[in-house]
There are 2 protein chains.
Amino acid sequence: MSTVLNVAAAAAEGETDQVVTPWEVTGAAQGGVNYDKLVDQFGCQRIDTASRTSRPDHHITSSAAGSSLPTVIQLTDDEKFLWKDLSIAESKRLARENAKDIIACGFDVERTFIFSDFQYVGGPFYENMMQVAKRVTFNTIRGTFGFTPEDHIGKCCFPPVQAAPSFASSFPHLFGGNDQLRCLIPCAIDQDPYFRLTRDVAPKMGYLKPSLIESKFFPALQGECGKMSANDPNSAVYLTDKSDIIKEKIRKYAFSGGQSTTELQRKYGANVDVDVCIKYLNFFLEDDAEFEHIKKEYKAGNMLTGELKDRVVGVLSKIALAHQNARAQVTEEMVDAYMSG
Amino acid sequence: MSTVLNVAAAAAEGETDQVVTPWEVTGAAQGGVNYDKLVDQFGCQRIDTASRTSRPDHHITSSAAGSSLPTVIQLTDDEKFLWKDLSIAESKRLARENAKDIIACGFDVERTFIFSDFQYVGGPFYENMMQVAKRVTFNTIRGTFGFTPEDHIGKCCFPPVQAAPSFASSFPHLFGGNDQLRCLIPCAIDQDPYFRLTRDVAPKMGYLKPSLIESKFFPALQGECGKMSANDPNSAVYLTDKSDIIKEKIRKYAFSGGQSTTELQRKYGANVDVDVCIKYLNFFLEDDAEFEHIKKEYKAGNMLTGELKDRVVGVLSKIALAHQNARAQVTEEMVDAYMSG
């Protein structure tokens, strides 16, 4: 089990209180999550310029339609039920709503299979769950996820559910017995513990280890110190927000690295490393050259916080409106088509 | 969790080393399993004369066809895979062979649903598994089954699989949404820990607790000190054994309560409380009056061990032959019919 790192313990013993698990993200007091440290702990490699192609990187919303490989999307409604105070019916309903948002991003229905665990667990998928479960001890998941003996056993049952889609044999209707395919999993870095477990177990099951591309967290409006919270509607801009709401949220809540007055901003410029609007533009502005220009001007004090915020409101409003329109086109029949085996 | 008794701990703290779990049965040194103690620990009630009807009790092999209620039979091939050194394919194959033996006993195909976990887990059944899992802690199953943190998590995943068939909602195709039915589970007493858990959880899920009828263990040929072992073919008479094998096994291995010589037997009679042939006749002889007569005569020394053994060989050979003939009639299509949802 040498490749399974002990996240919870590492956090407890390390110099900071950083804890990153799928259910808890607590960064160091200043500057949010220390990604350098995570990269080290989790044994990741950075994706740097050398490892990219010469083509411009895919923009976040256009990457969806860009895959020429079969794409499988797991909706973990069982995880929602096990960790939150929700009924199974409500968890399943939310999964279906999630599916609509995903479909609205423009996935090719011919090459995309979206499933919810409550719908799909069974058959070969359940067999792979048990293959994983037989090879992982309670001690290992305690070390990996920080579970305690007081936790309910649903938590022990879940990591194998998250692991099973890494194996093509879980989807015979998609891969037709071609079980030696390597799976590529794009996810946020907090999901890494699941897949360290999976990579540890895969060779013992006779399968290839899955590969991962792990992203940083999308920052909350208030800054990098953690994830956005569903309990605080002002911690994030929602895809369902109308333009005026987006404007209010960005103006009022987006943590600024700019100075407190126009004069000071002109004189000293902004701290772009902590500025949330700069971070949002980094994710969402299609034009890389424009982004670098804005960042430079804002840092130099040639651009004011209000101007930056207006640009962000414009970019986000356009994306939100486009998504709202696309989502309004998604019918129940389309959901069924993506979710049918 | 007050109704969940701690089997492993009770055994460790009690006066004897009696351990009774679904995977381990270790009786006290003398006389095998102490059922009085188990009845006490598990909170069971004896089925005495007062709790029976005036009709003669069903014989073991005729009880199968006698049920007028829908019967659901769970084949726990996942449990076999998780606890034994078997592949999933082999566990599934064995489950199908089990199904053939069960079908040969004469169940009504219209009222019987036989399923294997690897085949059926999913949908509403998986939902009930998660409903159970969310309400049971690792500490509870550690106390109930003796699991340790070094055990693989498949063991934690399994009790909810065993619990789910207690709820009619796991089988919508059989009970059509009539979810407030009480389930009656006939089983050997070592399965009790699963269903104590289930009874504890059922009301929290809004369902009725299942009722249980628990049997004693069928004794090994060598006597009552534990279960029969699949590793020792001479510890049991198999339904596949031919007459001559049965004769040899009973003559050579059936533990006798009779005296060592004819003279001593005539003089002192037999100890019928430890005699395995008497126990087997108690299970298998249809005629209760004849059984009481044999027991009395053997105890009094009017019947010799050889005579008793011949009677047992006759009874068992007849049952085995009938089963072998019935089983030879069971086709793959019949198995499919019983196992189709």
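Parameters and conventions
Counting starts from 1 at the beginning of each chain's written sequence and moves along it residue by residue. To read the labels, note that chains go from A and ligands from 1, taken in the order they are written. Local features in a predicted model are, by the rule used here, given only for residues with pLDDT of at least 70; side-chain atom pairs are given and counted only at 80 or more, and totals for whole chains, interfaces and linings are based on all residues. Side-chain metrics rest on all non-hydrogen atoms present in the structure, leaving aside hydrogens and water. Superposition of the copies was done by least squares, using only C-alpha atoms of residues whose pLDDT is at least 70 in both. Should any heavy atoms of two residues lie within 4.5 Å, those residues are considered in contact. Only protein atoms enter the 1 Å grid, on which a cavity is a set of points fitting a 1.4 Å probe that cannot get out and a pocket is an open set with protein on both sides within 12 Å along at least 5 of 7 lines, lining residues being those with an atom within 4 Å of a point. Grid points are joined across faces, edges and corners, and a volume is the space filled by probe spheres set on the points. Each helix is a run of DSSP H or I of at least 4 residues and each strand a run of E of at least 2, with the numbering of both proceeding from the N terminus. Summed over both partners, the accessible area lost on bringing two parts together, with a 1.4 Å probe, is the buried area. Definition used for salt bridges: Asp or Glu carboxyl oxygen within 4 Å of a side-chain nitrogen of Lys or Arg. Side-chain atoms alone can form a polar contact between residues adjacent in sequence; in general such a contact is a pair of N or O atoms within 3.5 Å, and within protein one must be able to donate a hydrogen while the other accepts it. Three classes are used, and their members are as follows: Ala, Val, Leu, Ile, Met, Phe, Trp, Tyr, Cys and Pro are nonpolar, Asp, Glu, Lys and Arg are charged, and the others, Gly among them, are polar. For every residue, the accessible area (1.4 Å probe, protein chains only) is compared with the maximum for its type, and the residue is labelled buried under 20%, exposed over 50%, or partly exposed between those bounds. Pairing between two strands is assigned when DSSP locates at least 2 bridges connecting them. Place the viewer so that the strands point away; then a crossover is right-handed whenever the path from the first strand over the helix to the second strand goes clockwise. A fitted line through C-alpha atoms represents every axis, and for helices the fit uses only the stretch in contact; the resulting angles, taken between N-to-C directions, go from 0 to 180 degrees. Just so you know how the angles are binned, under 35 degrees is roughly parallel, over 145 roughly antiparallel, 65 to 115 roughly perpendicular, and the rest oblique.

Colleague: What exactly am I supposed to notice about the relation of the copies chain B and chain A here?
Modeller: One chain copy maps onto the other through a rotation about an axis and a shift parallel to that axis. Note on the copies: chain B fits chain A at an RMSD of 0.1 Å, the axial shift is 0.0 Å, and the rotation between them is 180 degrees. Put plainly, the chains are arranged around a two-fold axis. When C-alpha distances to the rotation axis are compared across chain B, the minimum falls at glycine 122 of chain B, with a value of 2.2 Å. Taken together, the interface assignments show that 100% of the residues at the interface of chain B recur at the interface of chain A, consistent with an identical surface on both copies.

Colleague: Explain empty space enclosed by the protein here, please?
Modeller: Across all of its chains, the model carries five cavities of 30 Å³ or more by this definition. Put simply, the largest cavity is a space of about 60 Å³. Around the largest cavity sit Tyr126, Met129, Met130, Cys157 and Val161 of chain A together with Tyr126, Met129, Met130, Cys157 and Val161 of chain B, which together line it. Looking at the lining of the largest cavity, the elements that each hand over two or more residues are α7 (123-133) and α9 (154-163) of chain A together with α7 (123-133) and α9 (154-163) of chain B.

Colleague: Is there a simple way to think about the interface of chain B and chain A in this case?
Modeller: Accessible area lost upon the coming together of the parts serves often as the stated size of an interface. Taken together, the contact pairs 35 residues of chain B with 36 residues of chain A. Taking both sides of the interface into account, the surface hidden between chain B and chain A amounts to around 3,100 Å²; carbon and sulfur atoms contribute 66%. When the area that chain B buries against chain A is broken down by residue, the three leading residues are Tyr126, Lys134 and Ile153 of chain B, summing to 23%. The interface formed by chain B and chain A contains two salt bridges. The closest approach of N and O atoms between glutamate 127 of chain A and lysine 92 of chain B, which form a salt bridge, is 2.6 Å. The interface formed by chain B and chain A includes 22 residue pairs in polar contact (both at pLDDT 80 or more). Contributing elements (two or more residues each) for the side of chain B that touches chain A: α4 (77-83), α5 (88-104), α6 (117-120), α7, α8 (138-145) and α9 of chain B. At seven residues, the largest contribution of residues to the side of chain B that touches chain A is made by α7 of chain B. Grouping the amino acids of the side of chain B that touches chain A by side-chain chemistry returns 19 nonpolar, seven polar and nine charged.

Colleague: How should I be thinking about the pairing of strand β5 (residues 184-188) of chain B in this particular structure?
Modeller: Put simply, side chains in a regular strand alternate between the two faces of the sheet. Residue and element names in this part refer to chain B. The alternating pattern of β5 places Ile185 and Cys187 on a buried face and Leu184, Pro186 and Ala188 on a face that is not buried. In this structure, β5 lies alongside strand β6 (residues 211-215), joined through five bridges in parallel fashion. Bridge assignment links isoleucine 185 to a residue of β6, and that residue is leucine 212. With helix α11 (residues 192-201) bridging β5 and its parallel neighbour β6, the resulting β-α-β unit is right-handed.

Colleague: Can you help me understand the side chain of glutamate 127 of chain B in this one?
Modeller: The residue glutamate 127 of chain B is located in helix α7 in this model. The exposure class assigned to glutamate 127 of chain B is buried, which follows from its relative accessible area of 18%. In contact with glutamate 127 of chain B, not counting residues within four places along its chain, are Ile88, Lys92 and Phe118 of chain A.

Colleague: How should the packing of α9 of chain A against helix α11 (residues 192-201) of chain A be read in this particular structure?
Modeller: Packed helices, taken two at a time, are described by the angle their axes make and the gap between the axes. Residue and element names in this part refer to chain A. Where α9 meets α11, the axes come as close as 9 Å, and the angle between the chain directions of the two elements is 75 degrees. Compared by their axis directions, α9 and α11 come out roughly perpendicular. Of the residues in α11, those touching α9 at Phe158, Pro159, Gln162 and Ala163 are Tyr194, Phe195, Leu197 and Thr198. Per-class residue counts for the contact of α9 with α11 are six nonpolar, two polar and no charged.

Colleague: What is the right way to look at the pattern of salt bridges in this model?
Modeller: Charged atoms that come close allow side chains of opposite charge to pair. Summed over the entire model, instances satisfying the criterion amount to 34 salt bridges over all chains. Residue aspartate 241 of chain B pairs with lysine 249 of chain B through a salt bridge whose shortest N-O separation is 2.8 Å. Aspartate 241 of chain B gets classed as buried once you look at its relative accessible area, which sits at 10%. A salt bridge links arginine 251 of chain B to aspartate 310 of chain B, with the nearest nitrogen and oxygen atoms 3.0 Å apart. Linking arginine 251 of chain B in helix α12 (residues 243-253) with aspartate 310 of chain B in helix α16 (residues 305-328), this pair joins segments that are 59 residues apart in sequence. Assessed through its relative accessible area of 48%, arginine 251 of chain B is described here as partly exposed. Residues joined by salt bridges that share partners form a network here, namely Arg96, Glu97, Lys100, Asp101, Arg327, Glu332 and Asp336 of chain A.

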